[in-house]
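Each chain is listed here by its residues.
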2 protein chains.
Amino acid sequence: MTLKTLDNSLEVLKYFNKENPTWGVRELAKEMNISHSIIYRILTTFEQHGFLIQNPETKKYELGLRFLEYGQMVRDKLNLSDFVLPIMKNVADTVKESVFLTWLDGTDGVTVEIAESSQTIKFSVSIGTRTPLYIGASCKTMMAFLPAERKKEITDHGMKKLTPDTITDPDALLADLEKIQQQGWCFTTGEYAHSVFGLGVPLFNNKREVIASLTIAGPIYRKPTEDRLPEMINVLQYGAMNIQRYFDQYSFKLYHE
Amino acid sequence: MTLKTLDNSLEVLKYFNKENPTWGVRELAKEMNISHSIIYRILTTFEQHGFLIQNPETKKYELGLRFLEYGQMVRDKLNLSDFVLPIMKNVADTVKESVFLTWLDGTDGVTVEIAESSQTIKFSVSIGTRTPLYIGASCKTMMAFLPAERKKEITDHGMKKLTPDTITDPDALLADLEKIQQQGWCFTTGEYAHSVFGLGVPLFNNKREVIASLTIAGPIYRKPTEDRLPEMINVLQYGAMNIQRYFDQYSFKLYHE
DNA sequence: AGATTATGGTTCTATTATAGAAACATGTGA
DNA sequence: TCACATGTTTCTATAATAGAACCATAATCT
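Residues numbered from 1 in each chain as written. Chains lettered and ligands numbered in written order. Predicted model: local features only at pLDDT ≥ 70, side-chain atom pairs only at ≥ 80, totals over all residues. Heavy atoms only, no water.

The name an unreviewed UniProt entry assigns to chain A is IclR family transcriptional regulator, from the organism Lysinibacillus macroides.

Visitor: Describe the layout of surface pockets, and please don't skip the residues or the numbers.
Guide: Rolled over the atoms, a probe sized like a water molecule indicates the empty space that remains. In this structure, the largest pocket occupies an estimated 1400 Å³ of space. Along the walls of the largest pocket sit 41 residues, with R66(A), E69(A), D108(B), R130(B) and T131(B) positioned nearest its centre. For the lining of the largest pocket, the elements supplying multiple residues, two or more each, are α3 (36-48), β1 (52-54) and α4 (66-78) of chain A together with β5 (130-132) and α7 (148-156) of chain B. Ranked by the residues each element gives to the lining of the largest pocket, the list is headed by α4(A), at six residues. Here the residues of the lining of the largest pocket are counted per class, giving 13 nonpolar, 14 polar and 14 charged. (1 Å grid on protein atoms, 1.4 Å probe; cavity = no way out; pocket = protein on both sides within 12 Å on 5 of 7 lines; lining within 4 Å. Points joined across faces, edges and corners; volume = space filled by probe spheres on them. Helix = DSSP H or I, 4+ residues; strand = E, 2+ residues; numbered from the N terminus. Nonpolar A, V, L, I, M, F, W, Y, C, P; charged D, E, K, R; others polar.)

Visitor: How would you sum up the protein's contact with DNA strand C? Please name residues and give values.
Guide: If you check the shell around DNA strand C, you find 21 residues, and the closest are R41(A), V25(B), R26(B), H36(B) and Y40(B). Sugar plus phosphate: this is where 58% of the atoms of DNA strand C within 4 Å of the protein reside. In this structure, a base nitrogen belonging to DNA strand C sits 2.8 Å away from a side-chain N or O atom of R41(A). One nitrogen or oxygen atom from the main chain of V25(B) is found 2.7 Å from a phosphate oxygen belonging to DNA strand C. Only α1 (4-13) and α3 of chain A together with α1 (4-13), α2 (25-32) and α3 (36-48) of chain B provide two or more residues apiece to the surface near DNA strand C. Among the elements that line the surface near DNA strand C, the one with the most residues is α3(A), at four residues. Class assignment of the residues belonging to the surface near DNA strand C gives a composition of six nonpolar, 11 polar and four charged. (Near = heavy atom within 4 Å. Polar contact = N/O pair within 3.5 Å; in protein donor to acceptor, adjacent residues only side chain to side chain.)

Visitor: Go over the sheet that holds strand β7 (residues 196-204) of chain A with me, naming the residues and quoting the values.
Guide: All names here are of chain A. The strand order across the open sheet built from six strands is β5-β4-β3-β8-β7-β6, with neighbouring strands paired in antiparallel fashion. At either end of the open sheet lies a strand with only one pairing partner, and these are β5 (130-132) and β6 (186-189). Across the sheet, the axes of successive neighbouring strands diverge by a mean angle of 30 degrees, strand direction being ignored. Two elements, strand β3 (residues 98-105) and strand β8 (residues 210-219), share six bridges in a ladder whose sense is antiparallel. (Pairing = 2+ DSSP bridges. Axes fitted to C-alpha atoms, helices over the stretch in contact; angles between N-to-C directions.)

Visitor: Describe the interface of chain B and chain A, and please don't skip the residues or the numbers.
Guide: With 59 residues of chain B at the contact, the number on the chain A side is 59 residues. Of the charged contacts, one joins E69(B) and R130(A) as a salt bridge, the two residues approaching to 2.4 Å between their closest N and O atoms. Counting every contact that joins chain B to chain A gives 16 residue pairs in polar contact (both at pLDDT 80 or more). In terms of residues, the side of chain B that touches chain A owes the most to one element, helix α4 (residues 66-78) of chain B, which gives 13 residues. Within the side of chain B that touches chain A, the residues separate by chemical class into 26 nonpolar, 15 polar and 18 charged. (Contact = heavy atoms within 4.5 Å. Salt bridge = Lys/Arg side-chain N within 4 Å of Asp/Glu carboxyl O.)

Visitor: A description of unusual backbone geometry should follow, citing residues and the corresponding values.
Guide: Located in the positive-phi region is K59(A), a residue other than glycine, with phi close to 70 degrees. Turning to its location among the elements, K59(A) is positioned in the loop between β1 and β2 (61-63). For K59(A), a relative accessible area of 52% corresponds to the exposed category. In this structure, K96(B) is a non-glycine residue whose phi angle is positive, near 60 degrees. Take K96(B): it is sitting in the loop between α5 (84-95) and β3 (98-105). Take K96(B): its relative accessible area is 47%, and that puts it in the partly exposed class. (Buried < 20%, exposed > 50% of the residue type's maximum accessible area, 1.4 Å probe, protein only.)

Visitor: Account for the protein's contact with DNA strand D, naming residues and giving values.
Guide: What surrounds DNA strand D is a group of 21 residues, the closest being K4(A), T5(A), V25(A), R26(A) and Y40(A). The sugar-phosphate backbone supplies 61% of the atoms of DNA strand D found within 4 Å of the protein. At 2.4 Å from a base nitrogen of DNA strand D is found a side-chain nitrogen or oxygen belonging to R26(A). Contact between DNA strand D and R41(B): a base nitrogen at 2.8 Å from a side-chain N or O atom of the residue. Secondary structure elements with two or more residues in the surface near DNA strand D: α1, α2 (25-32) and α3 of chain A together with α1 and α3 of chain B. No other element matches the four residues that α3(B) contributes to the surface near DNA strand D. When the residues that make up the surface near DNA strand D are grouped by side-chain class, the tally is six nonpolar, 11 polar and four charged.

Below you can see the structure in the form of structure tokens.
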């Protein structure tokens, strides 16, 4: 059905992340429990195409410049900088916290655009960050609007705690999502990272399927009090409305699944 | 020696570029002269890993969000924004033209950082752009400092004209490179694009091998007159010196070949 | 409306590329 | 000097892939 060789190779790529940016052949082979010959062939083939480079001194491999090219092509395709980013910046300036646009991609949310708070203490993640849909305001906002069978896929797939506050009980999660869907926004504290709050609202394509979310996030000690939360929701929903208008106008299409 | 399946698959990826961002299965198979079954298996495998996504309506494939993730990891690794970009912005403000940092990657130069001119008419390319080393100021600056055998590889590999002014005669190119190496900078007009001038200087790693270049580029009608060129070279070399100091300090390592 | 010709997707098996062990070359630390 | 790392290469049984043929479906032409 699928190509096993390519499948394995892409699996190998996944081991190159921020925590482990460089790998030696045997080192990675041991980590993956695969023969080092196989890893060697995969790494050298990627290298020949510029997706990996080998440090000539340490002989270890790391991500190559080819990814810069493809990454930029995806960014250009999204073309969020021109119209969406100013809206996000506006929200960020108003609430004095960072604002994120998160895209639905399979069973993950991917951060595709960021408007950072001007404050010195702020929540900060980098573009391309990938988070399971059951964790945090930006992701749960999207998951809440998925059809039941896709929710089930996610809960069945097994859930891990990022913090003690991450909800991993399927029933508790589904009840939470139900509430989020009804009220149209999601407020969380400490689910994604210990000292962070998040407030998210969903964005839809022209078929009313959820495709993204807009989220405010900041340090937990600045989280809005209950009486000020409606105000923040208002600002966020106003920004989301403007972005939604842009999506609708250009019949925004970045497909999921 | 190398993995043929992976090799083919990465070759398929190359067909997804700015000019042709979306491909149908049979369409791409015809373009590559390969059975559509093969292409189908490759595309679906990439899709399962998020490197491609299929538009559920048109059934065509395009680049997926996974590249955003890897692209950002490479950007983070380069970490040019903090120290190098301010230097580039400084140069850009002084000369009132765009400034580019280009990385050596095999037989290409890759744009890795940009400081745009504040002028309304300016030369503009996007990050990740890949250009053969024999074309334009930013690339020839680097090629000039390569060992003779690598120059030969490039000239032997066949050269195409991007504009009528692109030098494609091996002897003429080598003579040009000789001059560039001696004077330490490269000034070109119309080689990369018809109405563009460029002025580049090289950057080296701690083994005195060329790894990058710093380039000023702008519309040809604003190109410096002969008596004002030395001034521009000065500004550029001063910026390059500061960047070079940063490279040396952090024993900058992004390997080529 | 029926025929034609596209498309994406599936199945099958001869062929071929790959897996994985073993060996090799080189470097390093004991 | 020996032992044990490392990346790299070679070999062949075996398993995965190539590629033709086919299916289902949608659009287009007659």
